[in-house]
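# Structural description and commentary
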Amino acid sequence: MTARHLADPLLWQAVIDAAASHQSSAEVVPVIGPTRDQCCYFMRHRRSEGLLTDLSVAMRGLAAQLACETGLLDPEKRSIS
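Throughout, a residue's number is its position along its own chain's written sequence, starting from 1. This being a predicted model, a pLDDT of at least 70 is required before a residue's local features are given, and a value of 80 or more before pairs of side-chain atoms are given or counted; all residues contribute to the totals for chains, interfaces and linings. Hydrogen atoms and water are omitted, and side-chain values are computed over all heavy atoms in the structure.

## Side note on the nonpolar core
Residues Leu 6, Trp 12, Val 15, Ile 16, Ala 18, Ala 19, Cys 39, Leu 51 and Leu 55 constitute the largest nonpolar core, which totals nine residues. What counts as a helix is a DSSP run of H or I of at least four residues, what counts as a strand is a run of E of at least two, and both are numbered from the N terminus. For this core, the secondary structure elements donating two or more residues are α2 (9-19) and α4 (49-69). In terms of residues, this core owes the most to one element, α2, which gives five residues. Any two residues whose heavy atoms approach within 4.5 Å are treated as being in contact. Not counting chain neighbours up to four residues away, the residues in contact with Leu 51 comprise Ala 19, His 22 and Phe 42. Among buried residues, those of type Ala, Val, Leu, Ile, Met, Phe, Trp, Tyr and Cys that are joined through side-chain atoms within 4.5 Å constitute a nonpolar core. With a 1.4 Å probe rolled over the protein chains alone, any residue whose accessible area is under 20% of its type maximum counts as buried; one over 50% counts as exposed, and the rest are partly exposed.

Here you go:
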């Protein structure tokens, strides 16, 4: 996941939701995703196994939602090519 990906408001909200149980109530979450430098710092110093698991679950949920919304899961609409 890159800073470019985290600039997407839907994806950033999913990240915030997944990380909510891992942050204290005193921490303030930014409205937009991190810059490239902030993202690199996080990946090296702040990530944990629990957070990565939660983010992975959130990403799978968003992928399934997107596939459903675009008709990829509908046998009548999907195209195998």
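Next comes the rest of the account.
## A word on the environment of Ser 48
By the element assignment, Ser 48 lies in the loop between α3 (36-45) and α4. C-alpha of Ser 48 to C-alpha of His 22: the two residues are 26 residues apart in sequence and 9.5 Å apart in space.

Any link to function would need more than the numbers given here.
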